[in-house]
Amino acid sequence: MRKGNLRAGEPFKTVYYSDPVNDDFALTHDHISNREIDCDVEYSNRGVLWNTASFVVYRLVATPLAYVICKVGFGLRIKGRRNIKVLRGHDKCGYLIFGNHTHFVDAFIPTLLSFPRKASIVTSPAAVSVPLLHNVVEMLGAVPIAPGLGGVRQLVGVMNKKVRTQTLTVFPEAHLWPYYNGIRPFPANAFSFPYLLDSPVVAYVTTYRKRRVLSNVLPPAITITVSTPFYPSDYSNKHEMRDAVYAYMCDVVEKEGSFAYIKYEQRAASPLNEGDD
């Protein structure tokens, strides 16, 4: 990692990566032991006490706090919010939200976009592995999924129940790259769910704006751009749908001119790792 000079127009720092698909730069990565997730966990029926506590934590604490943090702390602007409003009455099958994963407030954005619906977010076991906090994280909407085929079946079951009354958010890039100002490659796997659930997808893209004042001290402000719905019936298969969403996200980043607060550079391949001719 190399520090830059913001006054000279350089990025705050340069981060070096090896694998654009699997590298993870979240602060908790490799610092906590993942909790084991039971494939038989029932996420939609947790009891009256748990559900009441969840309502208080999510609606009375987290939702207003998320708005203050995003709006005041990071100058949040949302473009295309009306594109979600056309789905507010889509009660038969609900809708899914897909977004890029470049900031810790990614956990808050679906809540602000989905209101008044609750926003659930598909997460890895790491998200609920901090001791004493896993119940709170789940009350905030995290849906941790077990690895392997059992986790896939579990996820489909969860989506079938939750997406009818809530929104369900997927970060197809999977791993957090703070302030990355591009779209990383992501597989088509997650795009099976719009077909399985007969649910449209709304994509949103996080981009960054250099602040007009105190830009040498404060991190950049955040802009969220929301797409019109992508309907699975408009595409032959999950790969076509993935390509359409990916192209949209890349186009938004280019049009918005996302500010490179952190620069990411790929490490040169080591000669020791190269195969013989």
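Everything discussed here concerns the structure shown above.
Summarised in this report is the structure supplied together with it. (Residues numbered from 1 in each chain as written. Predicted model: local features only at pLDDT ≥ 70, side-chain atom pairs only at ≥ 80, totals over all residues. Heavy atoms only, no water.)

## Describing the sheet that holds strand β7 (residues 167-170)
Part 1 of the argument: What the seven strands build is an open sheet, ordered β3-β9-β8-β4-β7-β5-β6; its pairing is mixed. Because the sheet does not close on itself, it has two edges, and the strands there are β3 (77-79) and β6 (142-144). Recorded for the sheet is a direction-independent mean angle of 25° between the axes of neighbouring strands.
Part 2 of the argument: Inspection of the sheet shows strand β4 (residues 96-99) paired to β7 by three bridges, in the parallel sense. (Pairing = 2+ DSSP bridges. Helix = DSSP H or I, 4+ residues; strand = E, 2+ residues; numbered from the N terminus. Axes fitted to C-alpha atoms, helices over the stretch in contact; angles between N-to-C directions.)

## As for a positive patch on the surface
Part 1 of the argument: A cluster of basic residues, Lys-71, Arg-77, Arg-81, Lys-85 and Arg-212, forms a positive patch at the surface.
Part 2 of the argument: If you trace the backbone, Arg-77 turns up in strand β3. (Patch = residues over 30% accessible without salt bridge, like charges linked within 9 Å, V, L, I, M, F, W, Y side chains within 5 Å. Areas by Shrake-Rupley, 256 points an atom, 1.4 Å probe, with all protein chains shown as cover. Salt bridge = Lys/Arg side-chain N within 4 Å of Asp/Glu carboxyl O. Lys, Arg positive; Asp, Glu negative; His and termini not counted. Charge placed at Lys NZ, Arg CZ, Asp CG, Glu CD.)

## Description of the pattern of salt bridges
Part 1 of the argument: This model, assessed by the stated rule, comprises five salt bridges.
Part 2 of the argument: The closest approach of N and O atoms between Lys-79 and Glu-256, which form a salt bridge, is 3.1 Å. A residue pair is termed long-range when its members are at least 10 positions apart, and Lys-79 in strand β3 and Glu-256 in helix α7 (residues 238-256) qualify at 177 residues.
Part 3 of the argument: Residue classification places Lys-79 among the partly exposed residues on the basis of a relative accessible area of 39%.
Part 4 of the argument: A salt bridge links Glu-265 to Lys-263; its shortest N-O distance comes to 3.0 Å.
Part 5 of the argument: For Glu-265, a relative accessible area of 27% gives the class partly exposed.
Part 6 of the argument: Judged by its relative accessible area of 37%, Lys-263 falls in the partly exposed class. (Buried < 20%, exposed > 50% of the residue type's maximum accessible area, 1.4 Å probe, protein only.)

Note that all results are geometric; they support no functional claim without further evidence.
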